[in-house]
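Chain residues, written in single-letter form:
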Amino acid sequence: MTTNRLISILIPIISVILGLIAGAIIMLISGHNPIEGYAALWNGAFGDQYTLGETIRRTTPYIFTGLAVAFAFRSGLFNIGAEGQVMVGWLAAVWVGLAVDAPMYIHLPLALITAAAAGAVWGFVPGLLKAKLGVHEVIVTIMMNYIALYSMNAIIRNVLTEKKTTTAEIHGSASLASEWLQSITYFSRMHYGILIALFAAIIMWFIIQRTSIGYELKAVGFNRHASKYAGMNVSKNIILSMVIAGAFAGLGGAMEGLGTYGTVSVMSGFTNLGFDGIAVALLGGNNAFGVVLAAILFGALKEGAGQMPTGAGVPTELVDIIIALIILFVASSYIIRWALLRFKKEGK
Amino acid sequence: MIEILQSIIPTALFYSAPLIFTALGGVFSERSGVVNIGLEGLMVMGAFVGIVFNLAFADVLGAWTPWISIIIAIIIGALFSIIHAVASVSFRANQVVSGVAINFLALGIGVFLTKQWYGKGQTDMVSEPFYTTNIPLLSDIPIIGPMFFKSMYLTSYLAIILAFIAWYILYKTPFGLRLRAVGEHPMAADTNGISVYKMRYIAVIISGGLGGLGGSVFALTIASNFSQSTIVGQGFMALAAVIFGKWHPLGAMGAALFFGFAQSLSVVSASIPFLADVPQVFLLIAPYVLTILALAGFIGRADAPRANGEPYIKGTR
């Protein structure tokens, strides 16, 4: 048992190290200096207060999308739809931020709740179809992503603005931005969202580990038939899981809408926050604490990547390759586990 | 009405060809029991290779360039898909996760190398893309001629022919029977002496080749260059076509044609009287909404191959 636990902690760490080594090899082959490259990456992520603030800013939505994927994973569901849930949450948050006029203690919570509700609705549809008709949630969530993308663009163009591509700035009373946080980080776009994100992680941990709802959700994830036999309502739990997951992702969108940008724009493609959330959840072992750590890693990698072209002449996409490889390594954990056990046996 | 069809059908065929190729790849992979969310990434790879090869060899190969480009894209796509095969067949990775990784990896590599080789985020436009042709004699037939044989891409015909070939291979040959058996009940297949791993490797590699073909055809007919945003969702669309077509090559072709048709509607709608008033967003989301409805059983139940998505572990029950 203890070795198993140790191995499940080791696997993500080994995967990250392997990913970084592979990145170094790619830099060597393509004629860059890996030490310079990674130094630039480090400076781009943690070099000064500004980059540190931006790294935290980037980490915030990753925590939410990571939680959204991880939460659904716990009940055996694969939520590829975090992407669409982020978009509807973003749109809903900005919509409330623009349309409502209220004091902050009403306006901000209202915007956040609306964003969570929008994401929840986007999670409800695949959950319902999965629970009642057995439709695979992967396909439905992919389709929901596109429906979100095109609908959002149409709403921005035709409802929120008059044929413009970006909405007006939300009212200050719905904004998460903080002059104080900006001033201590050389005017980065860091905002209060990080606190909400950490709080959400605690909530996920609490629901999963300390409530009977969480117990049922996990039970359904382990064995659907046994849970049913034990008298649990499997359909209800599947739907609930997707709804909560969607709400997390919707809040992730609200972080961008209310915190980072204060607006929402027409998008030509996906934000990738949701897809990256899959990687975050996997690396974090679908555990709330792990998700936070993985989100920090990804936030730092993505933010630091911005420094790599100027600092070492390495294209930023190197980080995408590294992330893809990390996911592949984590996914192939069977072989790492096998190698670790083999190694251990031989050591004896 | 005829004039409308004459403008819609060639556009629909033009948009659906890449989807048909890729969806056929998806059918092969999923029929063998390997979920392939990585179709998008395989298309990205195909588009990247097709464009880069075309740019590099256009001077030497002349008019043959696009054809040789797509062959190279098939080969590289097939090789690239081996990563997915190794992870999901040998290493028992979660196939969906591995597919997601393939998507990230392909885009990462494509854009990384584009910046490395061309020093900017997108390549130049290719000088030798595919051009439309009129089929001799057939295009002179009244009504049908302009609809199906005038200013068409040869790749559209290739896609349709390939769908029938795929159907023949999957349903009329021993190889196809084995491939499907591996996807339905791997243990039974194994007991009968079929190598589950070998069949799944072959199926994934075929899907890689077809995905590469789809991506390169998209790049050389529609996009004409490669950048971050060349392939945005066509692979997922092809995946939807696989499911909409009930994992059948001809069904997938039909679904891809329908999606192509829906896409062409949103392109040519402005010139069609009764569609001009429909907000474009409805035409844009139509393929996705219809797929969900189809899955929900309103257009007949779709059953996946039974062992789809499950790694096969020899000796377990």
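Everything numeric in this text was worked out from a predicted model, so none of it was measured. (Residues numbered from 1 in each chain as written. Chains lettered and ligands numbered in written order. Predicted model: local features only at pLDDT ≥ 70, side-chain atom pairs only at ≥ 80, totals over all residues. Heavy atoms only, no water.)

Remarks on the overall build of chain A
1) Next: When its secondary structure is counted, chain A shows 16 helices and zero strands.
2) Next: Scaling as 2.2 N^0.38, a compact globule of 348 residues should have a C-alpha radius of gyration of about 20 Å, and chain A matches this with 21 Å.
3) Next: Projecting the C-alpha coordinates of chain A onto the three principal axes gives extents of approximately 70 × 60 × 35 Å.
4) Next: Out of the 348 residues in chain A, the part that is buried amounts to 58%.
5) Next: Look at the contacts in chain A between residues 6 or more apart in sequence, and 78% of them connect residues 24 or more apart.
6) Next: Put simply, chain A shows about 14800 Å² of open surface, and 66% of that area lies on carbon and sulfur atoms. (Helix = DSSP H or I, 4+ residues; strand = E, 2+ residues; numbered from the N terminus. Rg over C-alpha atoms; globule rule 2.2 N^0.38 Å. Buried < 20%, exposed > 50% of the residue type's maximum accessible area, 1.4 Å probe, protein only. Contact = heavy atoms within 4.5 Å. Areas by Shrake-Rupley, 256 points an atom, 1.4 Å probe, with all protein chains shown as cover.)

Side note on the interface of chain A and chain B
1) Next: Contacts between the two partners involve 39 residues from chain A, matched on the other side by 38 residues from chain B.
2) Next: Both sides of the chain A and chain B interface together cover about 3500 Å² of buried area, and 81% of this is carbon and sulfur.
3) Next: Connecting chain A to chain B are one salt bridge.
4) Next: Applying the counting rule to chain A against chain B returns three residue pairs in polar contact (both at pLDDT 80 or more).
5) Next: Secondary-structure elements contributing two or more residues to the side of chain A that touches chain B are α5 (104-133), α6 (137-160), α12 (273-283), α15 (317-331) and α16 (333-347) of chain A. (Buried area = accessible area lost by both parts, 1.4 Å probe. Salt bridge = Lys/Arg side-chain N within 4 Å of Asp/Glu carboxyl O. Polar contact = N/O pair within 3.5 Å; in protein donor to acceptor, adjacent residues only side chain to side chain.)

What to know about the packing of helix α3 (residues 65-90) of chain B against helix α9 (residues 196-223) of chain B
Residue and element names in this part refer to chain B.
1) Next: Two elements in contact, α3 and α9, have axes whose closest approach is 6 Å; the angle formed by their N-to-C orientations is 140 degrees. Classed by the angle they form, the pair α3 and α9 counts as oblique. The element α3 and its partner α9 pack so that their crossing is right-handed.
2) Next: Of the residues that constitute the contact of α3 with α9, the class distribution is 16 nonpolar, nine polar and one charged. (Axes fitted to C-alpha atoms, helices over the stretch in contact; angles between N-to-C directions. Parallel < 35°, antiparallel > 145°, perpendicular 65-115°, else oblique. Left-handed = near helix turned anticlockwise from the far one by under 90°. Nonpolar A, V, L, I, M, F, W, Y, C, P; charged D, E, K, R; others polar.)

With respect to the confidence of the model for chain B
Residue and element names in this part refer to chain B.
1) Next: The predicted model of chain B averages 88 in pLDDT, with 96% of residues at 70 or higher.
2) Next: Mean pLDDT values over the elements of chain B span from 69, in helix α12 (residues 273-276), up to 95, in α9.
3) Next: For this predicted complex, the interface confidence score (ipTM) comes to 0.87, while the overall pTM stands at 0.89. (pLDDT = per-residue confidence, 0-100.)

Concerning helix α2 (residues 34-46) of chain A
All names here are of chain A.
1) Next: With 13 residues, α2 should cover 18 Å at 1.5 Å per step; its first-to-last C-alpha distance of 18 Å lies within 8% of that length.
2) Next: Within the span of α2, buried status applies to P34, G37, A40, L41, G44 and A45. An end-on view of α2 places all buried positions within 125 degrees of arc, on one side of the element. Among the exposed residues of α2, those oriented more than 90 degrees off its buried face are I35 and W42.
3) Next: With a side-chain oxygen lying 3.0 Å from the backbone nitrogen of I35, the N-terminal cap of α2 falls on N33. (Expected span 1.5 Å × (residues − 1). Arc of directions from axis to C-beta.)

Examining a nonpolar patch on the surface
1) Next: There is a patch of nonpolar side chains on the surface, built from I9, I13, I17, L18, I21, I25, L28 and I29 of chain A and spanning about 760 Å² of accessible area.
2) Next: Position of I17 of chain A among the secondary structure elements: in helix α1 (residues 2-29). (Patch = residues over 30% accessible without salt bridge, like charges linked within 9 Å, V, L, I, M, F, W, Y side chains within 5 Å.)

Section: empty space enclosed by the protein
Over the atoms, a rolled probe matching the size of one water molecule traces out where space is still vacant.
Residues and elements named next belong to chain B.
1) Next: Within this structure, the stated rule accounts for one cavity of 30 Å³ or more.
2) Next: Looking at the largest cavity, its volume works out to about 30 Å³.
3) Next: Together, Y15, P18, L19, M43, F218, I222, Q234 and Q263 line the largest cavity.
4) Next: Elements represented by at least two residues in the lining of the largest cavity include exactly α1 (2-31) and α9.
5) Next: Ranked by the residues each element gives to the lining of the largest cavity, the list is headed by α1, at three residues.
6) Next: Taken together, the residues of the lining of the largest cavity sort by class into six nonpolar, two polar and no charged. (1 Å grid on protein atoms, 1.4 Å probe; cavity = no way out; pocket = protein on both sides within 12 Å on 5 of 7 lines; lining within 4 Å. Points joined across faces, edges and corners; volume = space filled by probe spheres on them.)

Side note on the packing of aromatic side chains
1) Next: One pass over the structure, following the stated rule, counts 19 aromatic pairs over all chains.
2) Next: Members of the aromatic cluster, joined through ring pairs, are Y146, Y150, F270 and F275 of chain A together with F236 and Y288 of chain B. (Phe/Tyr/Trp six-rings, centres within 6.5 Å; stacked < 30°, edge-to-face > 60°.)

Considering the environment of Y171 of chain B
Residue and element names in this part refer to chain B.
1) Next: Summarising the element assignment, Y171 is placed in helix α6 (residues 154-172).
2) Next: Considering only alpha carbons, one finds Y171 and P249, 78 residues apart in sequence, at a separation of 9.7 Å.
3) Next: When near neighbours in sequence (up to four residues on either side) are disregarded, Y171 contacts R31, R180, W247, H248 and P249.

Quick word on the nonpolar core
1) Next: Counting residues in hydrophobic clusters, the biggest one holds 187 residues, and the most contacted among them are L67, I80, I142, F248 and L258 of chain A together with I37 of chain B.
2) Next: The dominant element in this core, judged by the number of residues it contributes, is α6 of chain A, at 14 residues.
3) Next: In this structure F248 of chain A touches F64, L67, A68, F71, A200 and M204 of chain A, once residues within four positions along its chain are discounted.
4) Next: Residues A72, L77, I238 and I239 of chain A belong to the second largest nonpolar core, which totals nine residues. (Core = buried A, V, L, I, M, F, W, Y, C linked by side-chain atoms within 4.5 Å.)

Concerning the pattern of salt bridges
1) Next: Counted under the stated rule, the structure contains ten salt bridges over all chains.
2) Next: In this structure, the salt-bridge partner of D124 of chain B is K120 of chain B, at a minimum N-O distance of 2.7 Å.
3) Next: It is possible to trace a salt-bridge network through shared partners that takes in E54, R57 and R189 of chain A.

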